[in-house]
Amino acid sequence: MDLQVLTAEPWDDYALLDSGAGRKLESYGPYRFIRPEPQALWAPAEAEWQADGEFVGGSEEDGGGRWNLGPNVPGSWELSRGPLHFYAANTNFRHLAFFPDMAVHWDWMAERCGAGSSVLNLFGYTGVGSLACAAAGASVTHVDASKKAVASAQANAALSGLSDAPIRWLTDDAMKFIRREVRRGKRYDGIVLDPPKYGRGPEGEVWELYRDLPGLVASARALLDADSRFLVLTVYAIRMSAVAIAELVRQAFADLGGTVTAGEMTIRETARDILLPTAIFVRWER
């Protein structure tokens, strides 16, 4: 199996400026932030970084930690990429309310959507992927277990001028929802899966990646058919292998034909052209 490397390039409102020694320096619009980055095993380009805030403490495995922010950093601020407009914010989970490395999938999905197509976005978070599909003409079902995340996604839709786009905003447990869709005999042209390592549904349902991913993929396959266009699966659990999730998808989708690709997602550092790995992915397409 040939593994691919997908690289998110910097754009006007986002850049990975420098990385190394277990940290990274990024710009989000006019603000610069330092965050922990265990994959940055190398030395940084610059010994000292100037930033508007830094996330300190905690670990990627155990969570925790806090932001130390300058007084100039607002609670949220507007960013854009192409036709999409969305809010950035310093969340308790160390990220900035969206994942810039997902830009490689936003573009790829938009190219495969069109008027009349239908897309399901599970674990949709603040909805930039949903907006990319809707802006390309798709009807989107956006599902996340967090009411706050869904509200943020709706705010991003309004900011992008997509409040009237055909998007269903649902606060629901991903596994319960997708199983109901299978029982209803629903189908989609595209499905986006971005599951966390661990999570809880709105009624306390427990999601565990290694246990539940095979069932999720099987249900996603049941919602796609010979006329469907794509599946995108991203995994941020660094102990899981792209080869493993590619084989899971290949077997589940074998009867549909099409092409399965997998590999690593990266972001290009502007200081030295280094590629910083962020996640693994699988794509299926016809």
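Asks: For this particular structure, what's the right way to read the sheet that holds strand E16 (residues 259-268)?
Replies: Strand pairing in a sheet takes place through backbone hydrogen bonds and is either antiparallel or parallel in direction. As summarised here, the arrangement of the eight strands in space is E1-E16-E17-E15-E12-E9-E10-E11, forming an open sheet in which the pairing is mixed. Both edges of this open sheet fall to strand E1 (3-8) and strand E11 (167-171), since each of them pairs with a single strand only. Pairwise comparison of adjacent strand axes, ignoring direction, gives a mean angle of 20 degrees for this sheet. Alignment of strand E12 (residues 190-193) against strand E15 (residues 230-235), held across four bridges, turns out to be parallel. Within the sheet, the bridge partner assigned to Gly190 lies in E15 and is Phe230. Relative to strand E9 (residues 118-122), helix H4 (residues 174-184) is tilted by about 150 degrees, and along the sheet it contacts E9, strand E10 (139-144) and E11. Its contacts with the sheet put helix H6 (residues 242-252) on E1, E15, E16 and strand E17 (275-285), and the angle it makes with E17 is roughly 10 degrees.

Asks: What is the right way to look at the sheet that holds strand E4 (residues 31-36) in this model?
Replies: Across the sheet, which stays open at both edges, the five strands sit in the order E2-E3-E4-E5-E6 with mixed pairing between neighbours. The open sheet terminates on both sides in strands that have one partner only, identified here as strand E2 (14-20) and strand E6 (66-69). The mean angle between the axes of side-by-side strands here comes to 20 degrees, regardless of whether they run parallel or antiparallel.

Asks: What am I meant to see in the pattern of salt bridges here?
Replies: Evaluation of the coordinates by the stated rule reveals 20 salt bridges. Among the salt bridges present, the one from Arg272 reaches Asp18, with a minimum N-O distance of 3.3 Å. With a gap of 254 residues between them, Arg272 in the loop between E16 and E17 and Asp18 in strand E2 connect regions that are remote in the sequence. Residue Arg272 is classed as partly exposed on the basis of its relative accessible area, which comes to 32%. What emerges from the salt-bridge pattern is a single network uniting Glu9, Arg268 and Asp273.

Asks: How should unusual backbone geometry be read in this particular structure?
Replies: Where the residue is not glycine, phi is negative for most of them; where a peptide bond is considered, it is trans in most cases. Even without being glycine, Ala97 reaches a positive phi, approximately 75 degrees. As for its position among the elements, Ala97 is in the loop between strand E8 (84-88) and helix H1 (103-112). Unlike most non-glycine residues, Phe123 shows phi in positive territory, near 60 degrees. Locating Phe123 in the fold gives a position in the loop between E9 and helix H2 (128-135).

Asks: What exactly am I supposed to notice about the environment of Ala21 here?
Replies: Within the fold, Ala21 resides in the loop between E2 and strand E3 (23-28). Remark: the alpha-carbon pair of Ala21 and Ser80, spanning 59 residues in sequence, is separated by 30 Å. Among residues more than four places away in sequence, those in contact with Ala21 are Ala40, Trp42 and Pro44.

Asks: Any chance you could explain H4 here in plain terms?
Replies: Side chains three or four residues apart in an α-helix point the same way, a direct result of the helix having 3.6 residues per turn. Residues of H4 that are buried include every one of Ala174, Met175, Phe177, Ile178 and Glu181, and no others. Projected onto a plane normal to the axis of H4, the buried residues spread over an arc of 165 degrees and lie on a single side. Where H4 is buried, its residues touch E9, E10, E11, strand E14 (206-208) and helix H5 (209-222). One or two residues past the end of H4 sits Gly185, with phi positive at roughly 75 degrees.

Asks: What am I meant to see in the state of the cysteines here?
Replies: Cysteine pairs can be covalently joined through their sulfur atoms, and such a bond is termed a disulfide. Here the structure, examined in full by the defined rule, presents zero disulfides. Free of any disulfide, Cys113 has its nearest neighbouring cysteine sulfur in Cys133, separated by 3.8 Å. For Cys133, a relative accessible area of 0% puts it in the buried group.

Asks: How do you make sense of the nonpolar core when you look at a structure like this?
Replies: A general tendency of soluble globular proteins is for nonpolar side chains to be buried together. Of all hydrophobic cores here, the largest spans 46 residues; its most connected members are Trp77, Phe98 and Trp106. Each residue touching Phe98, except ones within four places of it in the same chain, is listed here: Trp11, Tyr28, Leu79, Phe86, Ala88, Trp106, Tyr125, Thr126 and Val128. Core analysis: the second largest hydrophobic core is formed by 34 residues, Phe123, Val143, Met175 and Met240 among them.

How each quantity is defined
Residues numbered from 1 in each chain as written. Predicted model: local features only at pLDDT ≥ 70, side-chain atom pairs only at ≥ 80, totals over all residues. Heavy atoms only, no water. Pairing = 2+ DSSP bridges. Helix = DSSP H or I, 4+ residues; strand = E, 2+ residues; numbered from the N terminus. Axes fitted to C-alpha atoms, helices over the stretch in contact; angles between N-to-C directions. Contact = heavy atoms within 4.5 Å. Salt bridge = Lys/Arg side-chain N within 4 Å of Asp/Glu carboxyl O. Buried < 20%, exposed > 50% of the residue type's maximum accessible area, 1.4 Å probe, protein only. Arc of directions from axis to C-beta. Disulfide = S-S within 2.5 Å. Core = buried A, V, L, I, M, F, W, Y, C linked by side-chain atoms within 4.5 Å.

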